[in-house]
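Topology and contacts: notes
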Amino acid sequence: MNQRLAATAVFFVNGLTMSTYIVRAPSIKAAYHLSDGQFGSAGLLFALAALACMQAVGPLAARVGVRRVLCVTLTVMPLLLAGLAVAGDPRWFVACTTMLGAVHGTTDAAMNSLAVAVERRAGRPVLNGCHAAWSISTVVAASSTAALARVGVGLGVHLVASGALLLVAGVVVGRCMPHVEDANVRGTSADRVGVRHGWSRALLTLGLTATAVMICEGGVLGWGGIFLHDHRHATLTVAAIAITAYTGGQTLGRLGGDAIADRTGGRALFRLGAAVATGGLAIALLVPDPITAVAGFAVAGIGSSVLIPLTFSAVGRRPGIPTATLVARMTTFTYTGILLAPALIGWTAERIGLGLTMTALLPLMALVAVIPRPSTDDPAERPQ
(Lines give C-alpha, C1' and ligand atoms only; values in the text may rest on other atoms or scores of the structure.)
Protein backbone atom coordinates (compact mmCIF):
# COMPACT_ATOMS: atom_id res chain seq x y z
CA MET A 1 0.00 0.00 0.00
CA ASN A 2 1.55 3.33 -1.04
CA GLN A 3 1.81 6.21 1.40
CA ARG A 4 -1.03 8.26 -0.06
CA LEU A 5 -3.42 5.32 -0.05
CA ALA A 6 -2.43 4.42 3.52
CA ALA A 7 -3.08 7.97 4.75
CA THR A 8 -6.43 8.01 2.95
CA ALA A 9 -7.35 4.66 4.55
CA VAL A 10 -6.69 6.11 8.01
CA PHE A 11 -9.19 8.91 7.32
CA PHE A 12 -11.75 6.42 6.02
CA VAL A 13 -11.48 4.03 8.98
CA ASN A 14 -11.60 6.85 11.53
CA GLY A 15 -14.50 8.48 9.71
CA LEU A 16 -16.42 5.22 9.49
CA THR A 17 -15.98 4.63 13.22
CA MET A 18 -17.21 8.07 14.21
CA SER A 19 -19.97 8.16 11.59
CA THR A 20 -21.33 4.85 12.86
CA TYR A 21 -21.55 6.38 16.34
CA ILE A 22 -23.18 9.56 15.02
CA VAL A 23 -25.85 7.90 12.88
CA ARG A 24 -26.69 5.53 15.74
CA ALA A 25 -26.95 8.38 18.27
CA PRO A 26 -30.79 8.46 18.31
CA SER A 27 -30.90 4.71 18.98
CA ILE A 28 -28.26 5.02 21.72
CA LYS A 29 -30.19 7.85 23.39
CA ALA A 30 -33.38 5.79 23.37
CA ALA A 31 -31.66 2.61 24.56
CA TYR A 32 -30.29 4.31 27.67
CA HIS A 33 -33.44 6.39 28.25
CA LEU A 34 -31.41 9.59 28.29
CA SER A 35 -33.02 12.99 28.50
CA ASP A 36 -32.03 15.72 26.06
CA GLY A 37 -29.97 17.34 28.79
CA GLN A 38 -28.15 14.12 29.68
CA PHE A 39 -27.36 13.34 26.07
CA GLY A 40 -26.23 16.93 25.49
CA SER A 41 -23.96 16.76 28.53
CA ALA A 42 -22.39 13.56 27.20
CA GLY A 43 -21.78 15.33 23.89
CA LEU A 44 -20.15 18.24 25.70
CA LEU A 45 -17.83 15.89 27.59
CA PHE A 46 -16.98 14.18 24.29
CA ALA A 47 -15.99 17.55 22.77
CA LEU A 48 -14.03 18.77 25.80
CA ALA A 49 -12.10 15.49 26.00
CA ALA A 50 -11.30 15.72 22.28
CA LEU A 51 -10.10 19.32 22.56
CA ALA A 52 -7.94 18.54 25.61
CA CYS A 53 -6.25 15.53 24.03
CA MET A 54 -5.54 17.41 20.81
CA GLN A 55 -3.14 19.61 22.75
CA ALA A 56 -1.01 16.62 23.74
CA VAL A 57 -0.71 15.14 20.25
CA GLY A 58 2.19 17.36 19.21
CA PRO A 59 4.53 16.48 22.10
CA LEU A 60 3.50 12.83 21.97
CA ALA A 61 3.98 12.45 18.21
CA ALA A 62 7.31 14.26 18.34
CA ARG A 63 8.58 11.66 20.78
CA VAL A 64 7.07 8.37 19.56
CA GLY A 65 5.98 9.22 16.00
CA VAL A 66 2.57 9.77 14.44
CA ARG A 67 2.41 6.18 13.18
CA ARG A 68 2.60 4.70 16.69
CA VAL A 69 -0.05 7.09 17.95
CA LEU A 70 -2.45 6.12 15.16
CA CYS A 71 -1.77 2.39 15.53
CA VAL A 72 -2.97 2.63 19.14
CA THR A 73 -5.97 4.92 18.56
CA LEU A 74 -7.27 2.98 15.55
CA THR A 75 -7.31 -0.09 17.79
CA VAL A 76 -8.91 1.56 20.82
CA MET A 77 -11.69 3.46 19.00
CA PRO A 78 -13.52 0.34 17.69
CA LEU A 79 -13.37 -1.21 21.17
CA LEU A 80 -15.01 1.88 22.65
CA LEU A 81 -17.63 1.84 19.89
CA ALA A 82 -18.50 -1.75 20.76
CA GLY A 83 -18.40 -0.83 24.44
CA LEU A 84 -21.32 1.55 23.91
CA ALA A 85 -23.46 -1.47 23.04
CA VAL A 86 -22.77 -3.31 26.28
CA ALA A 87 -22.73 -0.40 28.70
CA GLY A 88 -24.78 -1.29 31.76
CA ASP A 89 -26.15 2.12 32.69
CA PRO A 90 -26.02 5.80 31.67
CA ARG A 91 -22.93 6.44 33.79
CA TRP A 92 -20.97 3.87 31.81
CA PHE A 93 -22.30 5.41 28.60
CA VAL A 94 -21.04 8.86 29.63
CA ALA A 95 -17.63 7.45 30.61
CA CYS A 96 -17.34 5.49 27.35
CA THR A 97 -18.41 8.50 25.30
CA THR A 98 -15.86 10.73 27.03
CA MET A 99 -13.07 8.23 26.35
CA LEU A 100 -14.23 7.97 22.74
CA GLY A 101 -13.99 11.75 22.43
CA ALA A 102 -10.46 11.73 23.85
CA VAL A 103 -9.27 9.04 21.45
CA HIS A 104 -11.07 10.64 18.51
CA GLY A 105 -9.45 14.02 19.20
CA THR A 106 -6.05 12.38 19.31
CA THR A 107 -6.74 10.49 16.08
CA ASP A 108 -8.07 13.55 14.28
CA ALA A 109 -4.95 15.61 14.94
CA ALA A 110 -2.58 12.71 14.29
CA MET A 111 -4.13 11.64 10.98
CA ASN A 112 -3.98 15.18 9.60
CA SER A 113 -0.33 15.32 10.67
CA LEU A 114 0.31 12.06 8.81
CA ALA A 115 -1.38 13.43 5.69
CA VAL A 116 0.69 16.63 5.80
CA ALA A 117 3.91 14.61 6.18
CA VAL A 118 2.94 12.35 3.25
CA GLU A 119 2.08 15.43 1.20
CA ARG A 120 5.49 16.97 1.88
CA ARG A 121 7.30 13.76 0.95
CA ALA A 122 5.22 13.29 -2.21
CA GLY A 123 5.75 16.89 -3.29
CA ARG A 124 2.11 17.25 -4.31
CA PRO A 125 -1.24 17.80 -2.54
CA VAL A 126 -2.98 14.82 -0.92
CA LEU A 127 -5.09 16.32 1.87
CA ASN A 128 -8.21 16.91 -0.22
CA GLY A 129 -8.31 13.24 -1.14
CA CYS A 130 -7.90 12.25 2.50
CA HIS A 131 -10.77 14.48 3.57
CA ALA A 132 -12.85 13.11 0.69
CA ALA A 133 -12.41 9.65 2.23
CA TRP A 134 -13.87 11.01 5.46
CA SER A 135 -16.87 12.41 3.56
CA ILE A 136 -17.42 9.10 1.77
CA SER A 137 -17.29 7.23 5.09
CA THR A 138 -20.29 9.20 6.36
CA VAL A 139 -22.31 8.11 3.32
CA VAL A 140 -21.26 4.47 3.84
CA ALA A 141 -22.14 4.59 7.54
CA ALA A 142 -25.53 6.20 6.97
CA SER A 143 -26.45 3.84 4.12
CA SER A 144 -25.36 0.68 5.93
CA THR A 145 -27.14 1.73 9.13
CA ALA A 146 -30.38 2.34 7.22
CA ALA A 147 -30.08 -1.05 5.49
CA LEU A 148 -29.39 -2.89 8.76
CA ALA A 149 -32.25 -1.15 10.53
CA ARG A 150 -34.59 -2.13 7.70
CA VAL A 151 -33.80 -5.83 8.12
CA GLY A 152 -34.14 -5.61 11.89
CA VAL A 153 -30.52 -5.67 13.11
CA GLY A 154 -30.46 -4.28 16.64
CA LEU A 155 -28.23 -1.61 18.10
CA GLY A 156 -26.06 -3.97 20.13
CA VAL A 157 -25.38 -6.39 17.27
CA HIS A 158 -24.63 -3.50 14.91
CA LEU A 159 -22.13 -1.76 17.21
CA VAL A 160 -20.35 -4.96 18.27
CA ALA A 161 -20.09 -6.24 14.69
CA SER A 162 -18.96 -2.83 13.43
CA GLY A 163 -16.41 -2.59 16.23
CA ALA A 164 -14.98 -5.99 15.33
CA LEU A 165 -14.71 -5.19 11.62
CA LEU A 166 -13.21 -1.76 12.30
CA LEU A 167 -10.72 -3.28 14.73
CA VAL A 168 -9.46 -5.61 12.01
CA ALA A 169 -9.38 -2.71 9.53
CA GLY A 170 -7.46 -0.56 12.00
CA VAL A 171 -4.84 -3.25 12.56
CA VAL A 172 -4.39 -3.77 8.81
CA VAL A 173 -4.14 -0.04 8.11
CA GLY A 174 -1.72 0.36 11.02
CA ARG A 175 0.62 -2.23 9.55
CA CYS A 176 0.51 -0.54 6.14
CA MET A 177 0.97 2.95 7.52
CA PRO A 178 4.23 4.59 6.42
CA HIS A 179 7.04 5.68 8.72
CA VAL A 180 7.18 9.31 7.62
CA GLU A 181 9.79 11.56 9.15
CA ASP A 182 8.64 15.04 10.07
CA ALA A 183 11.17 17.44 8.61
CA ASN A 184 10.18 20.04 11.22
CA VAL A 185 11.30 17.74 14.06
CA ARG A 186 14.95 17.57 12.99
CA GLY A 187 17.03 19.72 15.30
CA THR A 188 14.01 20.59 17.47
CA SER A 189 14.56 20.41 21.21
CA ALA A 190 12.02 19.00 23.61
CA ASP A 191 11.03 22.44 24.92
CA ARG A 192 9.78 23.32 21.44
CA VAL A 193 7.03 20.70 21.43
CA GLY A 194 5.22 21.47 24.68
CA VAL A 195 1.55 22.35 24.90
CA ARG A 196 2.39 26.06 25.04
CA HIS A 197 4.39 26.07 21.82
CA GLY A 198 3.34 26.30 18.21
CA TRP A 199 1.19 29.40 18.59
CA SER A 200 2.08 32.29 16.29
CA ARG A 201 0.46 35.16 14.41
CA ALA A 202 0.42 33.11 11.20
CA LEU A 203 -1.21 30.16 12.99
CA LEU A 204 -3.82 32.43 14.56
CA THR A 205 -4.64 33.92 11.15
CA LEU A 206 -5.07 30.51 9.58
CA GLY A 207 -6.85 29.16 12.65
CA LEU A 208 -9.42 31.94 12.84
CA THR A 209 -10.01 31.54 9.11
CA ALA A 210 -10.69 27.85 9.68
CA THR A 211 -13.02 28.65 12.58
CA ALA A 212 -15.02 30.98 10.31
CA VAL A 213 -15.25 28.27 7.64
CA MET A 214 -16.43 25.70 10.17
CA ILE A 215 -19.03 28.07 11.61
CA CYS A 216 -20.46 28.44 8.11
CA GLU A 217 -20.31 24.69 7.53
CA GLY A 218 -21.87 23.94 10.91
CA GLY A 219 -24.57 26.49 10.18
CA VAL A 220 -25.47 24.80 6.90
CA LEU A 221 -25.41 21.28 8.30
CA GLY A 222 -27.23 22.13 11.52
CA TRP A 223 -29.69 24.77 10.34
CA GLY A 224 -29.82 24.72 6.52
CA GLY A 225 -32.66 22.23 6.35
CA ILE A 226 -34.60 24.01 9.10
CA PHE A 227 -34.17 27.31 7.27
CA LEU A 228 -35.59 25.89 4.05
CA HIS A 229 -38.53 24.24 5.81
CA ASP A 230 -39.46 27.15 8.06
CA HIS A 231 -38.62 30.14 5.84
CA ARG A 232 -38.87 28.80 2.27
CA HIS A 233 -41.76 26.41 3.00
CA ALA A 234 -39.86 23.47 1.55
CA THR A 235 -41.10 19.96 2.25
CA LEU A 236 -39.18 17.87 4.76
CA THR A 237 -37.86 15.77 1.89
CA VAL A 238 -36.47 18.79 0.04
CA ALA A 239 -35.00 20.14 3.28
CA ALA A 240 -33.15 16.84 3.83
CA ILE A 241 -31.98 16.75 0.21
CA ALA A 242 -30.40 20.19 0.70
CA ILE A 243 -28.01 18.82 3.32
CA THR A 244 -27.24 15.82 1.12
CA ALA A 245 -26.52 18.20 -1.76
CA TYR A 246 -24.09 20.17 0.40
CA THR A 247 -22.17 17.12 1.62
CA GLY A 248 -22.25 15.60 -1.85
CA GLY A 249 -20.77 18.80 -3.27
CA GLN A 250 -18.04 18.68 -0.65
CA THR A 251 -17.16 15.10 -1.53
CA LEU A 252 -17.07 15.90 -5.25
CA GLY A 253 -14.89 18.96 -4.70
CA ARG A 254 -12.42 17.11 -2.52
CA LEU A 255 -12.05 14.27 -4.99
CA GLY A 256 -10.74 16.76 -7.56
CA GLY A 257 -9.18 19.26 -5.19
CA ASP A 258 -5.66 17.81 -5.08
CA ALA A 259 -5.29 17.77 -8.87
CA ILE A 260 -6.51 21.38 -9.16
CA ALA A 261 -4.25 22.56 -6.34
CA ASP A 262 -1.29 20.87 -8.01
CA ARG A 263 -1.94 22.82 -11.22
CA THR A 264 -3.08 26.19 -9.93
CA GLY A 265 -1.50 26.46 -6.48
CA GLY A 266 -3.16 26.30 -3.08
CA ARG A 267 -3.50 30.06 -2.60
CA ALA A 268 -5.42 30.58 -5.86
CA LEU A 269 -7.63 27.54 -5.24
CA PHE A 270 -8.43 28.71 -1.72
CA ARG A 271 -9.57 32.13 -2.98
CA LEU A 272 -11.63 30.54 -5.72
CA GLY A 273 -13.19 28.01 -3.36
CA ALA A 274 -14.18 30.68 -0.83
CA ALA A 275 -15.68 32.82 -3.59
CA VAL A 276 -17.68 29.88 -4.99
CA ALA A 277 -18.86 28.96 -1.48
CA THR A 278 -20.01 32.55 -0.90
CA GLY A 279 -21.89 32.57 -4.19
CA GLY A 280 -23.52 29.22 -3.47
CA LEU A 281 -24.61 30.35 -0.01
CA ALA A 282 -26.05 33.55 -1.49
CA ILE A 283 -28.19 31.49 -3.86
CA ALA A 284 -29.27 29.13 -1.10
CA LEU A 285 -30.17 31.84 1.39
CA LEU A 286 -31.49 34.65 -0.79
CA VAL A 287 -33.41 32.93 -3.60
CA PRO A 288 -37.01 32.13 -2.55
CA ASP A 289 -37.38 28.94 -4.63
CA PRO A 290 -36.49 25.87 -2.50
CA ILE A 291 -35.22 23.79 -5.43
CA THR A 292 -32.88 26.57 -6.49
CA ALA A 293 -31.74 26.86 -2.89
CA VAL A 294 -30.83 23.14 -2.92
CA ALA A 295 -28.65 23.79 -5.98
CA GLY A 296 -27.08 26.70 -4.10
CA PHE A 297 -26.18 24.44 -1.19
CA ALA A 298 -24.55 22.01 -3.62
CA VAL A 299 -22.44 24.82 -5.11
CA ALA A 300 -21.53 26.02 -1.61
CA GLY A 301 -20.41 22.48 -0.75
CA ILE A 302 -18.17 22.31 -3.81
CA GLY A 303 -16.59 25.67 -3.01
CA SER A 304 -16.06 25.02 0.69
CA SER A 305 -14.73 21.49 0.15
CA VAL A 306 -11.11 22.53 -0.35
CA LEU A 307 -10.86 25.20 2.33
CA ILE A 308 -10.10 23.11 5.42
CA PRO A 309 -7.72 20.64 3.67
CA LEU A 310 -5.77 23.54 2.16
CA THR A 311 -5.58 25.25 5.54
CA PHE A 312 -4.24 22.11 7.24
CA SER A 313 -1.66 21.84 4.47
CA ALA A 314 -0.67 25.47 4.96
CA VAL A 315 -0.28 25.07 8.71
CA GLY A 316 1.80 21.91 8.34
CA ARG A 317 4.34 23.80 6.24
CA ARG A 318 5.09 26.44 8.86
CA PRO A 319 8.78 26.08 9.82
CA GLY A 320 10.34 25.62 13.24
CA ILE A 321 7.64 23.63 15.07
CA PRO A 322 6.87 19.91 14.59
CA THR A 323 4.04 19.31 12.16
CA ALA A 324 1.98 17.33 14.67
CA THR A 325 2.04 20.26 17.08
CA LEU A 326 0.95 22.73 14.40
CA VAL A 327 -1.82 20.46 13.10
CA ALA A 328 -3.06 19.82 16.65
CA ARG A 329 -3.37 23.57 17.17
CA MET A 330 -5.31 23.91 13.92
CA THR A 331 -7.62 21.04 14.84
CA THR A 332 -8.52 22.98 17.97
CA PHE A 333 -9.72 25.89 15.82
CA THR A 334 -11.75 23.70 13.45
CA TYR A 335 -13.33 21.76 16.29
CA THR A 336 -14.24 24.98 18.08
CA GLY A 337 -15.93 26.31 14.96
CA ILE A 338 -18.05 23.23 14.30
CA LEU A 339 -19.06 23.01 17.97
CA LEU A 340 -19.89 26.71 18.29
CA ALA A 341 -21.93 27.03 15.12
CA PRO A 342 -25.22 25.27 16.01
CA ALA A 343 -25.49 26.86 19.46
CA LEU A 344 -24.35 30.30 18.27
CA ILE A 345 -26.82 30.33 15.40
CA GLY A 346 -29.65 29.08 17.62
CA TRP A 347 -28.94 31.69 20.28
CA THR A 348 -28.79 34.49 17.70
CA ALA A 349 -31.90 33.26 15.87
CA GLU A 350 -33.87 33.54 19.11
CA ARG A 351 -33.16 37.26 19.09
CA ILE A 352 -33.10 38.39 15.47
CA GLY A 353 -34.70 35.50 13.58
CA LEU A 354 -33.22 32.52 11.74
CA GLY A 355 -33.44 34.13 8.30
CA LEU A 356 -31.30 37.12 9.24
CA THR A 357 -28.92 34.92 11.25
CA MET A 358 -28.29 32.58 8.33
CA THR A 359 -27.79 35.54 6.00
CA ALA A 360 -25.03 36.75 8.32
CA LEU A 361 -22.99 33.73 7.20
CA LEU A 362 -22.50 35.40 3.81
CA PRO A 363 -20.16 38.23 4.91
CA LEU A 364 -18.33 35.76 7.15
CA MET A 365 -17.57 33.46 4.20
CA ALA A 366 -16.75 36.46 2.00
CA LEU A 367 -14.24 37.59 4.63
CA VAL A 368 -12.53 34.21 4.36
CA ALA A 369 -11.95 34.86 0.66
CA VAL A 370 -10.25 38.23 1.15
CA ILE A 371 -8.36 37.93 4.44
CA PRO A 372 -4.56 37.99 3.88
CA ARG A 373 -2.90 34.60 4.30
CA PRO A 374 0.70 33.78 5.33
CA SER A 375 3.10 33.55 2.40
CA THR A 376 4.10 29.88 2.90
CA ASP A 377 0.61 28.43 2.78
CA ASP A 378 0.65 27.01 -0.75
CA PRO A 379 0.26 23.21 -0.63
CA ALA A 380 1.38 22.96 -4.24
CA GLU A 381 4.75 24.37 -3.24
CA ARG A 382 7.40 21.68 -3.48
CA PRO A 383 9.41 20.79 -0.37
CA GLN A 384 12.95 22.05 -0.36
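Residues numbered from 1 in each chain as written. Predicted model: local features only at pLDDT ≥ 70, side-chain atom pairs only at ≥ 80, totals over all residues. Heavy atoms only, no water.

1. Considering the overall build of the protein chain
Helix and strand content of the protein chain: 15 helices and zero strands. By the compact-globule yardstick of 21 Å for 384 residues, the protein chain fits well, its C-alpha radius of gyration being 20 Å. By its C-alpha atoms, the protein chain is 60 × 50 × 35 Å across when sized along the principal axes. Counting over 384 residues, the protein chain shows a buried share of 52%. (Helix = DSSP H or I, 4+ residues; strand = E, 2+ residues; numbered from the N terminus. Rg over C-alpha atoms; globule rule 2.2 N^0.38 Å. Buried < 20%, exposed > 50% of the residue type's maximum accessible area, 1.4 Å probe, protein only.)

2. Some points on the side chain of Thr 73
By the element assignment, Thr 73 lies in helix 4 (residues 66-86). Leave out the neighbours within four places in its chain, and Thr 73 touches Pro 78, Val 103, Thr 106 and Thr 107. (Contact = heavy atoms within 4.5 Å.)

3. A look at the packing of aromatic side chains
A complete count under the given rule lists two aromatic pairs for this structure. Summarising the aromatic geometry, the rings of Tyr 32 and Phe 93 are spaced 5.4 Å apart at their centres and angled 25° between planes, so their arrangement reads as stacked. Here Tyr 32 is found in the loop between helix 2 (25-31) and helix 3 (36-64), whereas its partner Phe 93 is found in helix 5 (residues 90-122), with 61 residues between them in sequence. You can call Phe 93 buried: its relative accessible area is 0%. (Phe/Tyr/Trp six-rings, centres within 6.5 Å; stacked < 30°, edge-to-face > 60°.)

4. Here we look at helix 11 (residues 290-304)
Three or four residues apart is the spacing at which side chains of an α-helix point the same way, because the helix has 3.6 residues per turn. Over its 15 residues, helix 11 runs 21 Å from end to end, which matches the ideal 21 Å to within 8%, given 1.5 Å per residue. Three or more residues of helix 11 are buried, namely Pro 290, Ala 293, Val 294, Gly 296, Phe 297, Ala 300, Gly 301, Gly 303 and Ser 304. Those residues of helix 11 that are buried lie in contact with helix 8 (201-231), helix 9 (236-264), helix 10 (266-286) and helix 12 (307-316). (Expected span 1.5 Å × (residues − 1).)

5. So, unusual backbone geometry
If you check the backbone angles, His 233 has positive phi at about 55° while not being a glycine. Along the chain, His 233 turns up in the loop between helix 8 and helix 9.

6. Points about a nonpolar patch on the surface
On the surface, Leu 44, Leu 45 and Leu 48 cluster together into a nonpolar patch covering about 270 Å² of accessible area. For Leu 45, the location among the structural elements is in helix 3. Under the relative-accessibility criterion, Leu 45 is labelled partly exposed at 36%. (Patch = residues over 30% accessible without salt bridge, like charges linked within 9 Å, V, L, I, M, F, W, Y side chains within 5 Å. Areas by Shrake-Rupley, 256 points an atom, 1.4 Å probe, with all protein chains shown as cover. Salt bridge = Lys/Arg side-chain N within 4 Å of Asp/Glu carboxyl O.)

7. A short note on the pattern of salt bridges
Should their charged atoms come close, side chains of opposite charge can pair. Applying the stated criterion across every chain yields a total of one salt bridge. Between Asp 258 and Arg 4 there is a salt bridge, and its shortest N-O distance comes to 3.0 Å. Linking Asp 258 in helix 9 with Arg 4 in helix 1 (residues 3-23), this pair joins segments that are 254 residues apart in sequence. Classification of Asp 258 by relative accessible area gives buried; the value is 5%.

8. What to know about the environment of Gly 88
Relative to the helices and strands, Gly 88 resides in the loop between helix 4 and helix 5. For the pair Gly 88 and Tyr 32, spaced 56 residues apart in sequence, the C-alpha to C-alpha distance is 8.9 Å.

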